[in-house]
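An overview of the molecular structure
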Amino acid sequence: MENPSEETPASWESLHSWLLTQTANHAHRLVAAGFSSVHARGYHYRLLATLEHLGPASQAALGRRSGIHLSEMVATINELTDRKLVERAPDPSDRRRNIISLTAAGKRQLRRLEKQLAESQDELLAPLSPEERQRLTELLSRLLDHHNRRTGT
């Protein structure tokens, strides 16, 4: 054994927090690259998917449901409006508010983003069987739910 320190992992390399962080970094890189290949960002996907799920909604409601901060929401809506993926119109019941709706082009872009996201997920989880993927999802969901309840998120 030439250098035992190169063969033996440091104690921090087996910490769950370190493993989760490193895996999250890979996940972020893969998803960002996939979205970039179809000229999009994660906020675009989250907003388009939220609109498809909710239907037309106010910027504030979209921010709450998508987890996009209002300071980022306006810029994201502007980007998607410029690309004709969403439409912004005054709320007929409150002219001070805008209602955002998904366009047909926005639905097509959402399908492209979903395809890219599925490919990114497959690449990230390649070494896991379908059963292991399901179990990982269950465990991560349980952890996230626990911490969200603790913090009121």
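1. Considerations on the pairing of strand β3 (residues 94–102)
Here strand β1 (residues 57–58) runs beside β3; their pairing, made up of 2 bridges, is antiparallel. By the bridge assignment, S58 is partnered in β3 with I99. Looking at chain direction, strand β2 (residues 86–91) and β3 are connected through 6 bridges and run antiparallel. The partner of D91 across the bridge, within β3, is D94. Between β2 and β3, which pair antiparallel in sequence order, lie 2 residues.

2. With respect to helix α3 (residues 42–54)
With 13 residues, α3 extends 18 Å between its outermost C-alpha atoms, agreeing within 8% with the 18 Å of an ideal straight helix rising 1.5 Å per residue. Within α3 the residues assigned to the buried category are H44, L47, L48, T50 and L51. Angularly, the buried residues of α3 cover 160° about the axis, an arc narrow enough to put them on a single face. In this structure, the buried residues of α3 make contact with β1, α4 (59–66), α5 (70–82), β2, β3 and α6 (104–124).

3. Examining the confidence of the model for the protein
Here the protein averages 92 in pLDDT, while 95% of its residues score no lower than 70. Of all the helices and strands in the protein, helix α1 (residues 4–7) carries the lowest mean pLDDT, 62, while α6 carries the highest, 97.

4. Digging into the side chain of Q109
Looking at the secondary structure, you find Q109 in helix α6. When neighbours within four sequence positions are excluded, Q109 is seen to be in contact with V38, H39, A40, L48, R83 and L85.

5. Remarks on unusual backbone geometry
Despite not being glycine, H39 shows a phi value in the positive range, around 55°. Within the element layout of this structure, H39 appears in the loop between α2 (16–36) and α3. For K84, which is not glycine, the phi dihedral falls at a positive 65°. Following the sequence through the fold, K84 ends up in the loop between α5 and β2.

6. Notes on the sheet that holds β3
Strand-to-strand pairing in sheets goes through backbone hydrogen bonds, with the strands running parallel or antiparallel. Here we have 3 strands laid out as an open sheet, ordered β1-β3-β2, and antiparallel in their pairing. What marks the edges here is a single partner per strand, and that holds for β1 and β2. Set on the sheet, α3 makes contact with β1, β2 and β3; between it and β3 the angle comes to about 100°.

Basis of the calculations
- Residues numbered from 1 in each chain as written.
- Predicted model: local features only at pLDDT ≥ 70, side-chain atom pairs only at ≥ 80, totals over all residues.
- Heavy atoms only, no water.
- Pairing = 2+ DSSP bridges.
- Helix = DSSP H or I, 4+ residues; strand = E, 2+ residues; numbered from the N terminus.
- Expected span 1.5 Å × (residues − 1).
- Buried < 20%, exposed > 50% of the residue type's maximum accessible area, 1.4 Å probe, protein only.
- Arc of directions from axis to C-beta.
- Contact = heavy atoms within 4.5 Å.
- pLDDT = per-residue confidence, 0-100.
- Axes fitted to C-alpha atoms, helices over the stretch in contact; angles between N-to-C directions.

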